[in-house]
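# Fold and contact review
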2 protein chains.
Amino acid sequence: MKKYYLMAPGPTPIPPQVLQAMAQPIIHHRTPAYEALFSEVRDGLKWLFQTRSEVVPFAASGTGAMEAAIVNTLSPGDGAVVVRAGAFGDRWWEACTAFGIKTLSLEAPYGETVPADRVAETLRKHPKAKAVFCQQSETSTGVLHDVKAYADAVKGSNAILVVDAVSSLGVADLQMDAWGIDMVIAGSQKGLMLPPGLAFCAMGERAMEYAKTAKLPKYYFDFLAELKIAVKNQVRFTPAVSIVVGLREALAMLRAEGLANVFKRHDRLARACRAGVEGLGLELFAKATPSPAITSVVAPKGIDGEAVLATYSKSHNITIAGGQGSAKGKIFRVGHMGYVGEFDVIVALSALEQVLFELGHPVDWGASSRAAQKLLAEKS
Amino acid sequence: MKKYYLMAPGPTPIPPQVLQAMAQPIIHHRTPAYEALFSEVRDGLKWLFQTRSEVVPFAASGTGAMEAAIVNTLSPGDGAVVVRAGAFGDRWWEACTAFGIKTLSLEAPYGETVPADRVAETLRKHPKAKAVFCQQSETSTGVLHDVKAYADAVKGSNAILVVDAVSSLGVADLQMDAWGIDMVIAGSQKGLMLPPGLAFCAMGERAMEYAKTAKLPKYYFDFLAELKIAVKNQVRFTPAVSIVVGLREALAMLRAEGLANVFKRHDRLARACRAGVEGLGLELFAKATPSPAITSVVAPKGIDGEAVLATYSKSHNITIAGGQGSAKGKIFRVGHMGYVGEFDVIVALSALEQVLFELGHPVDWGASSRAAQKLLAEKS
């Protein structure tokens, strides 16, 4: 008997009270009951996105929201800039390209970031660029891009800033209005502690202006059409009802903890995880600011990163993640976002010791706990 | 946000598949569906109790089964011997006394055991004694009594051996038939990984003979009356239906793992836990053979055992247990029985480091993990 542990960078574990809420009999979406639920959830989402704008949900995964961001703000032949320093930066590029957007890549090697002055400089050279697409947390590398600085870089240009906050919403601070971010998209299956299947788009005023003239074809992801209905607490198409029911519960949990505490907790867990990894003599993959959502680790010499996750799974029934794109085989990634506590980090690290030992790597037993525990003992 | 961990020596955590089974709509107990369920469960219980005798469930907690053992085997004024080396030994004495049984206590200090030759000698001196009552695992002290040796000591005497296996069934090997144990009682909320509310009595041939002439008054716990109905897969009174539904699931899990593996797993977890405790320089409370179900630890000098569990709870949302009876305040106890894996032990130990540190005790960070991890790395 081996208990199952979900420690991937999403989907993340679902709290029991959310599972219980979602296990209730389904309600119909064209009813006063759903309208009341949706009204509550709309309020909560604004709070979580730190915005006065509407946050519009779609029944889709995060990539659906990425597509929505593109088709709702751009027209065929428009130019856009993409921050590409990982597999999800690559995804922005792929989606833009699929819609015929002239896409300019600002690349950085996996594990690094693109400095904001490169963004500013690019916009000066390409004043017609209408959007900058980026991640806040690049899930594939475990790097946190400085989207506050990107927002400053975009100011005064022709471009809006669109931030993919899929693995950072409810994990890292993201002040949409205060920082002046034009559009934020996110998904349900990370910091929100919900099953996958719900995506979110929030548009500020400037993005809304772009939306009014955007000519890319759209139907399912038509933000303005959905928004018009959403403010009446209604939906155009059948929503993912049970996830919305779970969302009410998850938002209540986050509110009870308080946003500042939620960010502090994730920061603490991430620091403990990194300390533990370094305590074992392993190298962190993120060279730029690490994401509080994910710790990415360079597989030790002679050990395949894919073997690390396979051993986690086979020997310990724990799901972590490997490298994506060019990092495949070279790294492995542990998630610590959402419904995660300090002892989950201890479990991930202790299992890592066992995994490395099984793969023939010398292990100083307890070294990861020693480093992490010391940090966790500090008053939070 | 702090995840809740139930690490007491019972009730123990319930596996998700058991919770799901129990969440199904209730079925009625006077139906073919219940008879089919009960027939399956009866088979499984015999396998788990390692007996060809019937195992009869009652809707009751473990103490109900203790009472059933007394009232179904003894008559007013009968003499009995009780192995008393902890709070549950004391409970046998209390229950026997309440029913007017002349009870002879074989006492040992908490943390120790009563050797089998004391049992044999007592029965030679008191040849009319009709029963010996004992625990296999004394939950209050974390000691495993040698019930196989007790069974040998009872052989040839006038007394039957009644073993309380509440915290050892599905945890430590207990071969009811092969060892010649006359009666075994147990509960649902420990190794069986179920909610409390179901108790079990199994009687061998000799105990059944005693049952036929036992004159103590009984109605709800009338074993022979219940047995007569049980073999037809029916029940006299309304059973704890959803726990029986969960029991089918729990038995399937135990069968899939295999009894030998179940015992091996618990032994390994217990050894790792003890190694971790000693790695921190703490003293184990059990001086006799330790139970694979529970690790009892002497609170370090100057620290109240009750403060240890209060801090576990307050600072880490983890429930462990304190001392009972004369050990209250002096010890604390961690359970590792039932739905428990190796990383639960690491969590319990890592939390212990944090708790001791918070209470002002010097802590060598990671020392408990170091000791436990080394042991867990051995091929199981």
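This structure is a prediction, so every number in the text was calculated from the model and none was measured. (Residues numbered from 1 in each chain as written. Chains lettered and ligands numbered in written order. Predicted model: local features only at pLDDT ≥ 70, side-chain atom pairs only at ≥ 80, totals over all residues.)

With that settled, consider the overall build of chain A. Counting its regular elements, chain A contains 14 helices and 15 strands. A globule of 380 residues ought to have a C-alpha radius of gyration of about 21 Å, and chain A, at 21 Å, matches this closely. Across its three principal axes, chain A shows a C-alpha extent of roughly 60 × 55 × 35 Å. Residue burial in chain A is summarised as follows: out of 380 residues, 54% are buried. The contacts of chain A with a sequence gap of at least 6 include a subset with a gap of at least 24, amounting to 72%. (Helix = DSSP H or I, 4+ residues; strand = E, 2+ residues; numbered from the N terminus. Rg over C-alpha atoms; globule rule 2.2 N^0.38 Å. Buried ≥ 20, exposed ≤ 12 C-beta atoms within 10 Å, placed from the backbone. Contact = placed C-beta atoms within 7 Å.)

A few words on the sheet that holds strand β12 (residues 294-298) of chain A. The four strands are arranged β11-β12-β15-β14 (chain A) in an open sheet whose pairing can be described as antiparallel. Each edge of the open sheet is held by one strand with a lone partner, namely β11 (283-284) and β14 (321-322) of chain A. (Pairing = 2+ DSSP bridges.)

Moving on to the relation of the copies chain B and chain A. The transformation that overlays chain B on chain A combines an axial shift of 0.0 Å with a rotation of 180 degrees, and the residual RMSD is 0.0 Å. Between the two chains, the operation in question is that of a two-fold axis. No C-alpha of chain B lies nearer the rotation axis than that of Gly366 of chain B, which sits 2.6 Å from it. Mapped onto chain A, 100% of the interface residues of chain B are again interface residues, and the two copies thus contact each other with one and the same surface. (Least-squares fit on C-alpha atoms with pLDDT ≥ 70 in both.)

Turning next to the interface of chain B and chain A. A common measure of how large an interface is: the accessible area buried when the components associate. At the interface, 24 residues of chain B touch 24 residues of chain A. For the side of chain B that touches chain A, the secondary-structure elements that each account for two or more residues are α10 (241-257), α13 (342-358) and α14 (367-376) of chain B. For the side of chain B that touches chain A, the leading source of residues is α13 of chain B, giving eight residues.

The next thing to look at is the packing of helix α13 (residues 342-358) of chain A against α14 of chain B. Relative to each other, α13 of chain A and α14 of chain B sit at 45 degrees, their axes nearing to 11 Å. For the element pair α13 of chain A / α14 of chain B, the angle class is oblique. Crossing handedness for the pair α13 of chain A and α14 of chain B: right-handed. Counted together, Ser350, Glu353 and Gln354 of chain A of α13 of chain A and Ser369, Gln373 and Leu376 of chain B of α14 of chain B form the full contact between these two elements. For the contact of α13 of chain A with α14 of chain B, a count of residues per class yields one nonpolar, four polar and one charged. (Axes fitted to C-alpha atoms, helices over the stretch in contact; angles between N-to-C directions. Parallel < 35°, antiparallel > 145°, perpendicular 65-115°, else oblique. Left-handed = near helix turned anticlockwise from the far one by under 90°. Nonpolar A, V, L, I, M, F, W, Y, C, P; charged D, E, K, R; others polar.)

Functional significance is not addressed by these values, which are geometric in nature.
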